[in-house]
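Analysis of the macromolecular model
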Amino acid sequence: MENTNEMKIFFDSRPVNEGLARVAVAAFCTQLNPTLEEVADLKTAVSEAVTNCIIHGYEGEIHKIEVACRLQGRELFVDVTDEGVGIPDVEKAMEPMFTTKPEKDRSGMGFTFMEAFMDEVSVESQVGKGTTVHMKKIIRR
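Quantities reported herein were computed from a predicted structural model and do not represent experimental measurements. (Residues numbered from 1 in each chain as written. Predicted model: local features only at pLDDT ≥ 70, side-chain atom pairs only at ≥ 80, totals over all residues. Heavy atoms only, no water.)

**Brief notes about the pairing of strand 3 (residues 75-82)**
Selection criterion: Pairing between two strands is assigned when DSSP locates at least 2 bridges connecting them. Secondary structure follows DSSP: runs of H or I at least 4 residues long count as helices, runs of E at least 2 residues long count as strands, and numbering of each begins at the N terminus.
Pairing of strand 2 (residues 64-72) with strand 3, which is carried by 8 bridges, proceeds in the antiparallel orientation. The residue of strand 3 that forms the bridge with Ile 65 is Asp 82. Adjacent in sequence and paired antiparallel, strand 2 and strand 3 are bridged by 2 residues, among which Gly 73 carries a positive phi angle near 65 degrees. Taken together, the 8 bridges between strand 3 and strand 5 (residues 130-138) define a ladder with antiparallel strand orientation. Paired with Val 80 across the strands is Val 133, a residue of strand 5.

**Some remarks on the nonpolar core**
In plain terms, the rule: The nonpolar core is taken to be a set of buried Ala, Val, Leu, Ile, Met, Phe, Trp, Tyr and Cys residues, with the residues joined through side-chain atoms within 4.5 Å. A simple rule labels every residue: compare its accessible area, found with a 1.4 Å probe on the protein chains alone, to the largest value its type can have, and call it buried under 20%, exposed over 50%, or partly exposed in between. The contact definition used throughout considers only heavy atoms, calling two residues in contact when any of these lie within 4.5 Å.
The biggest cluster of nonpolar side chains holds 36 residues, and the ones touching the most others in it are Val 67, Val 78 and Met 135. It is helix 2 (residues 36-57) that contributes the most residues to this core, 7 residues altogether. With residues up to four places along the chain from it excluded, the contact list for Val 78 reads Val 25, Leu 42, Val 46, Val 67, Ala 68, Cys 69, Val 133, His 134 and Met 135.

**Some words on the sheet that holds strand 2**
Applied cut-off: Only the contacting stretch of a helix is used when fitting its axis, a line to C-alpha atoms as for every element, and angles between N-to-C directions run 0 to 180 degrees.
Within the open sheet, the 5 strands sit side by side as 1-2-3-5-4. Their pairing is antiparallel. Two strands lie at the open edges of the sheet, namely strand 1 (4-12) and strand 4 (120-126), each paired on one side alone. Neighbour-to-neighbour, the strand axes of the sheet open up by a mean angle of 10 degrees, direction not taken into account. With 9 bridges connecting them, strand 1 and strand 2 associate as antiparallel partners. Within the sheet, the bridge partner assigned to Phe 11 lies in strand 2 and is Ile 65. Contacts from helix 1 (residues 17-29) reach strand 1, strand 2 and strand 3, with the element oriented near 170 degrees to strand 1. Most of the contacts of helix 2 go to strand 3, to which it runs at about 15 degrees, and overall it touches strand 1, strand 2, strand 3 and strand 5.

**Things to note about the packing of helix 1 against helix 2**
Operational definition: Each crossing is labelled by how the near helix is turned from the far one, with a counterclockwise turn of less than a right angle marking it left-handed and a clockwise turn marking it right-handed. The residue classification treats Ala, Val, Leu, Ile, Met, Phe, Trp, Tyr, Cys and Pro as nonpolar and Asp, Glu, Lys and Arg as charged. All others, Gly included, are polar.
Contact geometry for helix 1 and helix 2: axes closest at 9 Å, N-to-C directions at 145 degrees. Here helix 1 and helix 2 pass one another in a crossing that is right-handed. Where helix 1 approaches helix 2, its residues Glu 18, Ala 21, Arg 22, Val 25, Ala 26 and Cys 29 are matched on the opposing element by Val 39, Leu 42, Lys 43, Thr 44, Val 46, Ser 47, Val 50 and Thr 51. Here the residues of the contact of helix 1 with helix 2 sort into 8 nonpolar, 3 polar and 3 charged.

**As for the packing of helix 2 against helix 4 (residues 110-117)**
Note the following rule: Angles are sorted into four bins: roughly parallel if under 35 degrees, roughly antiparallel if over 145, roughly perpendicular if 65 to 115, and oblique for all others.
Relative to each other, helix 2 and helix 4 sit at 155 degrees, their axes nearing to 9 Å. The angle between helix 2 and helix 4 falls in the class roughly antiparallel. The interaxial crossing formed by helix 2 with helix 4 has left-handed handedness. Touching Asp 41, Thr 44, Ala 45, Glu 48, Ala 49 and Asn 52 of helix 2 are Gly 110, Phe 111, Phe 113, Met 114 and Phe 117, all from helix 4. A class-by-class count of the residues in the contact of helix 2 with helix 4 yields 6 nonpolar, 3 polar and 2 charged.

**Let's talk about the environment of Asp 41**
Among the structural elements, Asp 41 can be located in helix 2. According to the relative accessible area criterion, Asp 41 is buried, its value standing at 13%. With residues up to four places along the chain from it excluded, the contact list for Asp 41 reads Phe 117 and Lys 137.

See the structure below:
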């Protein structure tokens, strides 16, 4: 398809790799010449999604996380996927302040931040199979 570009990376669910995911997505997006604010928004949303995989999806165990990016015109689609425990109630999980890990000082604001910084966010999850967070950002410049 014309005017599209894709990238996919896989990495271990280690906290240190959250920075890798942020930088990879930001670098991929630079071809659209985004504003610094758009890049910062994108990095924050990716960071939250990857952190959710590490803390909630895999509960600290080391497994693979996939980040897939696709550009279509001025739209950037980012999917962050784990094959972890899954989310029993996605609607509840996406409520502000809801957390299943209060003892780990989780604020329950991950999805709220993703929704604030991206144009669209949706979540697909199956208990015992994993979760994919689909995000879309329109680069307006």
